[in-house]
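Structural features, examined
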Amino acid sequence: MLWRFLPAAAAYFFLVSLLLASNTPASDIARYTFYVLWGVVLPGTLVFRALRRRPHSLVEDLAFGAVTGLVLELAAWAVLVRTGAQPFAVLWPLAVVIPFAAVPKLRRHWRPRSTTPYSPGWSWSVSGTVMLTSVYFHQTFLSLYPVLPDKEDSRLFGDMPYMLSLAANAKQNVPLTLPQVAGEPLHYHWFTFAHMAMTDMVGHVDLAVIESRLMVPALAALGMVITAVVAHRLIGRAWAGPVAALLVFAVCEFTAAYPNPVATWTFGAHSVRLMSWSSLSQAYSQPLLIALMGVVGDALRKSRRDGEASPGDSTDSPPLLGRGVYVLVAFFALASSAAKASTLPVAVAGLALCGFVLLITTRRIPWHVVGLGAILGGAQLFATAAIFNFESYGLEIIPFANVQSYWADPEQLRSPAFQAVVIVGTLVAFLLNHQLKLLGAIPLISKRRFRLEPVQWFLLGASVAGACAYLTIKSYNASYFTLAALNFGAILSAWGFCETFERAALGVRGRVALSCGAIAYSAALTFGIYRCSDRWSAYVTRLAGDEQGTATTYSLLLPALVLAAALVLAALGGAALWRLGARVWPPLRGRGAVVLLTAALATGTPGLFHDVLQSRESLWSYSWVMPGSQVEAARWIRAHSEPSDVLSTNSHCWQLEGPLPAGEPCDNTRSQWLSAYSERSVLIEGWAYAPRGIALSGGSVAYNGPFWDQELFRLNEDAVYRPTAAILGRLRDQHHVRYVVVHRPSGSESPLLADLATKVYDNGRMAVYELS
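All of these numbers come straight from a predicted model, not from anything done at the bench. (Residues numbered from 1 in each chain as written. Predicted model: local features only at pLDDT ≥ 70, side-chain atom pairs only at ≥ 80, totals over all residues. Heavy atoms only, no water.)

Moving on, we come to the sheet that holds strand E8 (residues 681-682). Pairing is mixed in the open sheet, where five strands are placed in the order E8-E7-E9-E11-E10. Of all strands in the sheet, those bounded by a partner on one side alone are E8 and strand E10 (758-762). (Pairing = 2+ DSSP bridges. Helix = DSSP H or I, 4+ residues; strand = E, 2+ residues; numbered from the N terminus.)

Right, dumping it as structure tokens:
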């Protein structure tokens, strides 16, 4: 028993050591561990065991159980906050524990009856992936950023205050409102922040510690374990699990650029960065989406006739989950729908393709697929109507709008043939950049000649849908569809890799040689791009005749395209040499395909290591200055106010490196620090992410135009610069403002304010006045 749990314990204590080395309080780690076990894993595992028909493994019970627990806590959160019972949040698991202890038929689920322990090799492989990612987190964030900015030149990622403010708002409101504009509805995927609120209320851990230290590594670890479990369930091979986990978390975008700042992100958001703190909703939604993929795929394994596994299933396949799978589909679909708005649509698209193929090939309506589609469609409708209020956030269907700048030729200087080459090259660059994980699907589809199983059609449809969405919808945010789809593509690619590997029938020495070769190739490519990318990019752009970087719109894509062409030529040469070598040494025969596929997948690994190197050499370009004095003032307000209190401030612009020059307009209305660190709503702070503003932005990620209610805005500003008793009285009586918070770098307050209100805090940079 000790040896069975040693890999999990090693991964846990390794992460704990990194957290402690990053100045994370040991008491917070202990409380968070208690929260995870008591508030997530225990109730979720009990419910999952009651829904699945036959046990398979303890790891599967705990992985699916943890994701089920995330769903259950959403319901508990809504009840607790709606009824004002937040102080009793720690007791909510009793709603599950007591019935499972009292009802005899449920009591048996306390005993682990799993029959299939995973091998030590499987366990250590998954554990090693978790530890690898923990090192990545430590190097790129934990060791670089403080939990709370405590110096005047402290820096943090620009969206972190916004996400922190939403978590604080979730402790008081169902549904959430926009903390930066008190009372403004928030039609947004906010389930992530309800999860953070429950972590605070159950575990009594500071939200800042949850956000900047604990949440992301824990969710990433869960994502890796659930990926490995789902891959085994769908593919039918246990060892496919670690392969799929590596594809999801280690194979990144292909780029020949180093460093690779946001300006050179050629096709939207990168998955490497989004494993981290830049998108908490991405980190939270990933385990839910992968679990949804697993239960939908399990339902598709079910034969329409007798309920047994389909003929394509391996003897190593876990037993079907049974009728409870439809309840699990509903659970995970509802939670995914507003965890990240881009996740559920790709699953719906994959299921639609699966149903269409079954309808054509069997000439029967696949009612089980229709039923699954009804569940997923209902969840999507729920989120669209009840959570998003049919908001589009400026998304428009304009084919190729996100990539057409690379082939733009407004003066029509190119010939039609050359323009066609540029367009094709741009689309090839997109596939190279984002779709390397899918390469394993090519031998799978080729070998089966498109005679795929329903599960494989589902995975393929979802994989393709994400890329198509990005190429169809105009918005940077459309890249999140691609990132969601890559989870499906990783499972499908792992499936193809496993079959290719098994056909090669490598011995022990062959497997060792393949592993060492992949590591050596990845290391060489990583080092080569790191040391030579500048000279390489300059050489390629010089060949293209764009040394000034002004005329050729596609020049940013050329280094990666030319490097990819060079690697393809090297692969063709290697294949020719392999065929010649096979004539001399027969053991090489039939094994070139697995070598080529391994090398192709390993081509995406440098991004992970480059991100670490880049983070150590310079902070990310979206890491902005957050003075500790502002955080100190906001935390003082949190300690001396009630959650229902509203604040008023003159801080609306994130001034980045210092005060704006006199008369300069603000072009970055992302001031969110006050609502974040005070955990209170502000009458008007920053409005860059307000839904009604984003809708006016034309698909941009932020709105930096004027505030929509100029009368209210003038009232807010007059309270600081032109105060009168009547103005302050309106703020207090009509808008429930208790404190006026003056951000002096934005403008010093009028001397009259001290006569009309009570100054209760002043640290030089910030002043706080209480309205009596």
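That was the structure; now back to the text.
Bringing unusual backbone geometry into the picture now. Phi is mostly negative for residues that are not glycine, and the peptide bonds are mostly trans. Along the chain, Val 174 connects to Pro 175 via a cis peptide bond; the corresponding omega equals -10°. The residue Pro 175 is located in the loop between helix H7 (160-170) and strand E2 (177-178) in this model. In this structure, Pro 259 follows Tyr 258 across a cis peptide bond, with omega equal to -5°. Along the polypeptide, Pro 259 turns up in the loop between helix H10 (240-249) and helix H11 (280-301). Notably, Phe 400 is not glycine yet its phi reads approximately 65°, a positive angle. Among the secondary structure elements, Phe 400 is positioned in the loop between strand E4 (396-397) and helix H15 (416-434). Overall, the relative accessible area of 34% leaves Phe 400 in the partly exposed class. Positioned with a positive phi, Arg 449 is a non-glycine residue whose angle comes to about 50°. Within the fold, Arg 449 resides in the loop between helix H16 (441-448) and helix H17 (454-472). (Buried < 20%, exposed > 50% of the residue type's maximum accessible area, 1.4 Å probe, protein only.)

Moving on to the side chain of Asp 409. Assignment of secondary structure puts Asp 409 in the loop between E4 and H15. No salt bridge forms around the buried Asp 409; measuring N to O, its nearest opposite-charge neighbour Arg 414 is 4.4 Å away. Residue contacts for Asp 409: discarding those within four places in its chain leaves Arg 414 and Gln 419. (Lys, Arg positive; Asp, Glu negative; His and termini not counted. Salt bridge = Lys/Arg side-chain N within 4 Å of Asp/Glu carboxyl O. Contact = heavy atoms within 4.5 Å.)

Time to look at a nonpolar patch on the surface. On the surface, a nonpolar cluster with roughly 630 Å² of combined accessible area is contributed by Phe 356, Leu 359, Ile 360, Ile 365, Trp 367 and Val 370. Counting residues per element, the ones that place at least two in the nonpolar patch are helix H13 (343-362) and helix H14 (367-387). Broken down by element, the nonpolar patch gets its largest block of residues, three residues, from H13. Of note, Ile 365 is situated in the loop between H13 and H14. (Patch = residues over 30% accessible without salt bridge, like charges linked within 9 Å, V, L, I, M, F, W, Y side chains within 5 Å. Areas by Shrake-Rupley, 256 points an atom, 1.4 Å probe, with all protein chains shown as cover.)

Turning next to the packing of helix H2 (residues 26-51) against helix H4 (residues 94-102). Axis separation between H2 and H4 bottoms out at 9 Å; the angle between their running directions is 45°. By the angle class used here, H2 and H4 are oblique. For H2 against H4, the interelement crossing comes out left-handed. Judged by residue contacts, Trp 38, Leu 42, Pro 43, Leu 46, Val 47 and Ala 50 of H2 engage Leu 94, Val 96, Val 97 and Phe 100 from H4. Grouping the amino acids of the contact of H2 with H4 by side-chain chemistry returns ten nonpolar, no polar and no charged. (Axes fitted to C-alpha atoms, helices over the stretch in contact; angles between N-to-C directions. Parallel < 35°, antiparallel > 145°, perpendicular 65-115°, else oblique. Left-handed = near helix turned anticlockwise from the far one by under 90°. Nonpolar A, V, L, I, M, F, W, Y, C, P; charged D, E, K, R; others polar.)

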